[in-house]
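Here is how the chains run, residue by residue.
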Amino acid sequence: MKIPTVRRDTPPRPPEIPKTEEHRFPCDNCGSDMRFDPGGNQMICDYCGNTTPLPQLRDTIREIAIERGLNADGAEQEETRVLDCPNCGAQIEFDPAIHAAECPFCATPIVTGTGINRHIKPAAVIPFAFEERQAHVAMNDWLGSLWFAPNGLQKYARKGRKMTGVYVPFWTFDAQTESSYSGQRGDTYYVTQTVMRDGKPTRVQVPRIRWSPRRGRVARFFDDVVILASSSLPKSHTDGLQPWDMSALSPYAPQYLAGFRAEAYRITLEDGLTEARAHMDAVIARDVRMDIGGDQQRIDRIDTRMSDVTFKHVLLPVWVAAYKYSGQSYRFVVNGQTGRVQGERPYSKWKIAFATIAALIVAAIVGYIAAQSQ
């Protein structure tokens, strides 16, 4: 399967200098910053309680041709002010007045100066569906189920340390694929053989496979293949947050980001397309096996042609908490749409040691009782 290439016959148009995005919305009543209210279609002021409904968005979510995205300045760009984490490399959008903070992904103090990040503008966003306190409940339930967790971890949960709402960047890809293949179909049949069992000849049925050549074509349209565009979180965490209900995507509006952080993507569009292609290849191979049929299949060749390849840069909601134990950072993430929790956890060496000793004592007592009973 070939990745679409970009023609360079004509020089690219001069890049437009986009306006730096500011996700701040002053309250009409008191002038304080308003934030997006998760679960409600409104903005809310935490200072005076004033609320205003979100503006009606008439925009549709536009798919962008991959050629535009791969071409320099082919897709609409925006600029945001970000702070760089020296530990995990995350680029997090912050208020322009802030020049020092704590990285929400690894709890590392960030003291670098504010920089400008220029990137493809998000096309859509899944808004946060619940508040931080609800994310805390989900995280605490998950932490409470962990065995051999250090006491400090439980104290962390009980203290209600602040969680940070972060919009994490993803790519989505659509593509029409048509694949021709050649392979072999294996059908099971049985032959009767005589074998010796318990000194007696016994007739048994032995399976065999009859292979026959197969050729064919399969087609599939891929809709919204979701690829993580961040390198700040372990991929196992974000994969574990799935599935996302992509039908809840809304056209991008900066109001959704008010009161939250937004991470800049670090995985390029081209690398994201390569990963999406690998996902598509696996699905196509499964389709080929189903088309071949039989009891077993062998695939000799698959040639796939991609067409109508489009993409979107989307932001998905994640509540993040970082906990430091013995000098190491552990991260917990909560799907801001569904409440699903993933994370890293430290183990208490003392608890494991005591449990091991207790198990040995119990085993010794059981062995002693068994020996006495004999």
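Residues numbered from 1 in each chain as written. Predicted model: local features only at pLDDT ≥ 70, side-chain atom pairs only at ≥ 80, totals over all residues. Heavy atoms only, no water.

### Focus: the environment of Val-125
Heads up, the rule is: Put simply, DSSP H or I for four residues or longer makes a helix, DSSP E for two residues or longer makes a strand, and each gets a number counted from the N terminus. Relative accessible area decides the class of each residue, using a 1.4 Å probe on protein chains only: under 20% of the type maximum gives buried, over 50% gives exposed, and in between gives partly exposed. Here a residue-residue contact requires only that any non-hydrogen atoms of the pair lie within 4.5 Å.
Within the fold, Val-125 resides in strand β10 (residues 124-125). Among the residues examined, Val-125 registers a relative accessible area of 0% and is labelled buried. A sequence separation of 192 residues divides Val-125 from Pro-317, and the C-alpha atoms of the two residues are 8.2 Å apart. Setting aside chain neighbours within four positions, we find Val-125 in contact with Tyr-167, Ala-248, Leu-249, Ser-250, Pro-251, Tyr-252, Tyr-256 and Leu-315.

### Focus on the sheet that holds strand β3 (residues 51-53)
We apply this condition: Strand pairing is assigned whenever DSSP detects at least two bridges linking the two strands.
Sheet architecture is open: three strands sit in the order β1-β2-β3, paired in antiparallel fashion. Each edge of the open sheet carries a strand with a single partner, namely β1 (35-36) and β3.

### Side note on the nonpolar core
Note the following rule: In these notes, a set of buried Ala, Val, Leu, Ile, Met, Phe, Trp, Tyr and Cys residues joined through side-chain atoms within 4.5 Å is what counts as a nonpolar core.
Phe-36, Met-163, Tyr-167, Tyr-256, Leu-257, Trp-319 and Val-334 are the most contacted members of the largest nonpolar core, which totals 30 residues. Listing elements by their share of this core, those giving two or more residues are α2 (132-144), β15 (296-325) and β16 (328-335). Judged by nonpolar contacts, the second largest core, of 25 residues, contains Ile-64, Trp-171, Leu-273 and Val-309.

### A look at the packing of aromatic side chains
So the rule is basically this: Ring pairs shown here join Phe, Tyr and Trp side chains whose ring centres sit within 6.5 Å, with only the six-membered ring taken for Trp; geometry is labelled stacked below 30 degrees between planes, edge-to-face above 60, and tilted in between.
This model, assessed by the stated rule, comprises nine aromatic pairs. Centroid distance Phe-128 to Tyr-167: 4.9 Å. Interplanar angle 75°. Geometry classified as edge-to-face. In this pair, Phe-128 is assigned in the loop between β10 and α2 and Tyr-167 in strand β11 (residues 164-197), connecting sequence segments 39 residues apart. For Phe-128, a relative accessible area of 2% corresponds to the buried category. The class for Tyr-167 is buried, based on a relative accessible area of 0%. With a centroid separation of 5.1 Å and 65° between ring planes, the pair formed by Phe-128 and Trp-319 is classed as edge-to-face.

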